[in-house]
Amino acid sequence: MSTDGLIVVDKPGGMTSHDVVARIRRLARTRRVGHGGTLDPMATGVLVIGVGRATRLLTYVIGAGKSYTATVRLGQATVTDDAEGDVIAATPAGRVTDEAVREALAALTGEIDQVPSAVSAIKIDGQRAYKRVRDGESVELPARRVTVSRLELLAVRRDQPDVVDVDIDVTCSSGTYIRAIARDAGLALGVGGHLTALRRTAVGGFALAEAATLDELEERAPEVVNLPLAAAADRFFPRRDAGADEARVLSHGGPLDPAGIAGPYAVFGPDGALIAIVSERDGRARAEIVLAPA
């Protein structure tokens, strides 16, 4: 069986994130596998997978900032805000200037209130929004505050007369919908818009350059983990090294004296093993999760 740790997968198109988890369960020979942030079936790129005890780190991975490259098609709106949905409106976009595109994207940069795509995994009264839409319901989701720290225009392509394809590079907070950026840019320009391609290039500090394809993981199964638990935590969190007595207390869930580190942070024992993820509050350093083996 694989060791506890993280795998940075380059997800192929046409698979759900759950499909990837199911494949990794088979390769790693364990049921204890999860992912750190859903990618739509159409999307490709970085999907962080946790195996064994590292599944407990995924809540932090899900909350990390993310980067994407994407293509927005102006001139067509779809029911899903991406290419997987039916076109519900078409407005010739040939006269939209590059400068107008640039201004529309600039308005979607920074801290913004974004209405998520109706076809999203957000739950409404216990049921996913996309399920309600597919069942024929009209779904309206409230706007959420997100941060788009970078929205770079890479290219404007006019290969067809009535549509304009815009390639963008985005870095954003967790919870940002790139489909919604495509939709809102199209709305601002009065021609509609949707996403035709999406590739996630980074999650937190985990980048596409270190991602493995499923075929590559298949070849080295069951040793599919490329970041063992301690190494993964050391990459993702600030580090604190504990003495033997501190390690003993913390491994049993007890608090430590504060170290003045902005948390959450990872605490390691004298042997280099990961003990816990800790945050400081009320003058004590307390474990959020204990990861030392029982």
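Residues numbered from 1 in each chain as written. Predicted model: local features only at pLDDT ≥ 70, side-chain atom pairs only at ≥ 80, totals over all residues. Heavy atoms only, no water.

Asker: I'd love a proper account of the overall build of the chain, names of residues and values included.
Answerer: Along the backbone of the chain there are eight helices and 18 strands. The principal-axis extent of the C-alpha atoms belonging to the chain is close to 70 × 45 × 40 Å. Burial status across the chain gives 47% buried among its 294 residues. Partitioning the contacts of the chain with sequence separation of at least 6, the portion at a separation of at least 24 is 68%. With the model as given, the accessible surface of the chain reaches about 13,600 Å², and the carbon-plus-sulfur share is 49%. When the 35 positive and 39 negative side-chain charges of the chain are each reduced to one mean point, those points stand 5 Å apart. (Helix = DSSP H or I, 4+ residues; strand = E, 2+ residues; numbered from the N terminus. Buried < 20%, exposed > 50% of the residue type's maximum accessible area, 1.4 Å probe, protein only. Contact = heavy atoms within 4.5 Å. Areas by Shrake-Rupley, 256 points an atom, 1.4 Å probe, with all protein chains shown as cover. Lys, Arg positive; Asp, Glu negative; His and termini not counted. Charge placed at Lys NZ, Arg CZ, Asp CG, Glu CD.)

Asker: Explain the environment of V163 to me, using residue names and the numbers behind them.
Answerer: Assignment of secondary structure puts V163 in the loop between strand 10 (144–157) and strand 11 (164–172). Placed twelve residues apart in sequence, V163 and L151 show a C-alpha to C-alpha distance of 21 Å. Excluding residues within four positions of it along the chain, V163 makes contact with R73, L74, Q76 and A93.

Asker: Tell me about the packing of helix 3 (residues 98–106) against helix 5 (residues 178–189), residues and numbers included.
Answerer: Put simply, helix 3 and helix 5 touch, their axes get as near as 9 Å, and they point 125 degrees apart. With respect to helix 5, the axis of helix 3 lies oblique. As helix 3 packs across helix 5, the resulting crossing turns out to be right-handed. Taken together, the residues of helix 5 that come into contact with helix 3 (itself represented by A100, V101, A104 and L105) are A185, A188 and L189. (Axes fitted to C-alpha atoms, helices over the stretch in contact; angles between N-to-C directions. Parallel < 35°, antiparallel > 145°, perpendicular 65-115°, else oblique. Left-handed = near helix turned anticlockwise from the far one by under 90°.)

Asker: Give a description of the packing of aromatic side chains that names residues and reports values.
Answerer: Inspection of every chain in the model, using the stated rule, returns three aromatic pairs. Taking the centre distance of 5.1 Å and the plane angle of 85 degrees together, the rings of Y60 and F237 count as edge-to-face. A residue pair is termed long-range when its members are at least 10 positions apart, and Y60 in helix 2 (residues 58–62) and F237 in the loop between helix 7 (229–236) and strand 15 (239–241) qualify at 177 residues. Accessibility expressed as a relative area gives 7% for F237, which makes it buried. These aromatic residues form a ring-pair network of at least three members: Y60, F206, F236 and F237. In this structure, R239 packs its charged tip against the face of F268, placed 3.9 Å from the ring centre. (Phe/Tyr/Trp six-rings, centres within 6.5 Å; stacked < 30°, edge-to-face > 60°. Lys NZ or Arg CZ within 6 Å of the ring centre and 35° of its normal.)

Asker: Any chance you could break down the pattern of salt bridges for me, citing the residues and the numbers?
Answerer: Side chains carrying opposite charge are able to pair once their charged atoms draw close together. With the rule as written, the count across this model stands at 22 salt bridges. As a salt-bridge pair, D169 and R150 come within 3.2 Å of each other at their nearest N and O atoms. A residue pair is termed long-range when its members are at least 10 positions apart, and D169 in strand 11 and R150 in strand 10 qualify at 19 residues. Between R235 and E210 there is a salt bridge, with its nearest N and O atoms 2.8 Å apart. Highlighted residues: R235 in helix 7 and E210 in the loop between strand 13 (206–207) and helix 6 (214–220), separated in sequence by 25 residues. Judged by relative accessible area, R235 falls into the partly exposed class, the value being 41%. Here the salt bridges do not stand alone but share partners, grouping R23, R26 and E218 into one network. (Salt bridge = Lys/Arg side-chain N within 4 Å of Asp/Glu carboxyl O.)

Asker: An account of unusual backbone geometry is needed here, citing residue identities and associated values.
Answerer: Note that the residue after A221, namely P222, is joined by a cis bond; omega there is 5 degrees. If you trace the backbone, P222 turns up in the loop between helix 6 and strand 14 (227–228). P264 follows G263 through a cis peptide bond whose omega is 0 degrees. Its location among the elements puts P264 in the loop between helix 8 (244–251) and strand 16 (265–268).

Asker: Provide a residue-level description of the side chain of R200, including the pertinent values.
Answerer: Here R200 shows up in strand 12 (residues 193–203). D40 is the oppositely charged side chain nearest to the buried, salt-bridge-free R200, at an N-O distance of 8.9 Å. Within the local environment of R200, its side chain forms a polar contact with the side chain of Y68, the two groups lying 3.5 Å apart. The contacts of R200, once residues within four sequence positions are left out, are G37, T38, L39, T44, G45, V46, L47, K66, S67, Y68 and L208. (Polar contact = N/O pair within 3.5 Å; in protein donor to acceptor, adjacent residues only side chain to side chain.)

Asker: Provide a residue-level description of the nonpolar core, including the pertinent values.
Answerer: With 47 residues, the main nonpolar core has I7, I24, I49, L74, I168, I178 and L217 as its most contacted residues. Not counting residues within four places of it along the chain, the set of residues in contact with I49 comprises G5, L6, I7, V9, V20, V21, I24, V33, G34, H35 and L58. In terms of nonpolar packing, the next biggest core, distinct from the first, is built from 24 residues, L6, L229, A232 and F237 among them. (Core = buried A, V, L, I, M, F, W, Y, C linked by side-chain atoms within 4.5 Å.)

Asker: An account of helix 3 is needed here, citing residue identities and associated values.
Answerer: Within the sequence span of helix 3, burial applies to V101, A104 and L105. End-on view of helix 3: buried residues confined to an arc of 95 degrees, all on one side of the axis. Contacts from the buried residues of helix 3 go to strand 4 (66–74), strand 10, strand 11 and helix 5. (Arc of directions from axis to C-beta.)

Asker: I'd like a description of the sheet that holds strand 16, backed by residues and values.
Answerer: Strand order in the open sheet formed by four strands is 15-16-17-18, and the pairing between neighbours is mixed. Lying at the two open borders of the sheet, with one neighbouring strand each, are strand 15 and strand 18 (284–290). Within this sheet the neighbouring strands show an average axis-to-axis angle of 40 degrees, counted without direction. Summarising the sheet, strand 17 (residues 274–281) and strand 18 pair through six bridges and their orientation is antiparallel. Its bridge partner being in strand 18, A276 is matched across the sheet by V290. The strands touched by helix 7 are strand 15, strand 16 and strand 17; relative to strand 16, the strand with the most contacts, the crossing angle is about 140 degrees. (Pairing = 2+ DSSP bridges.)

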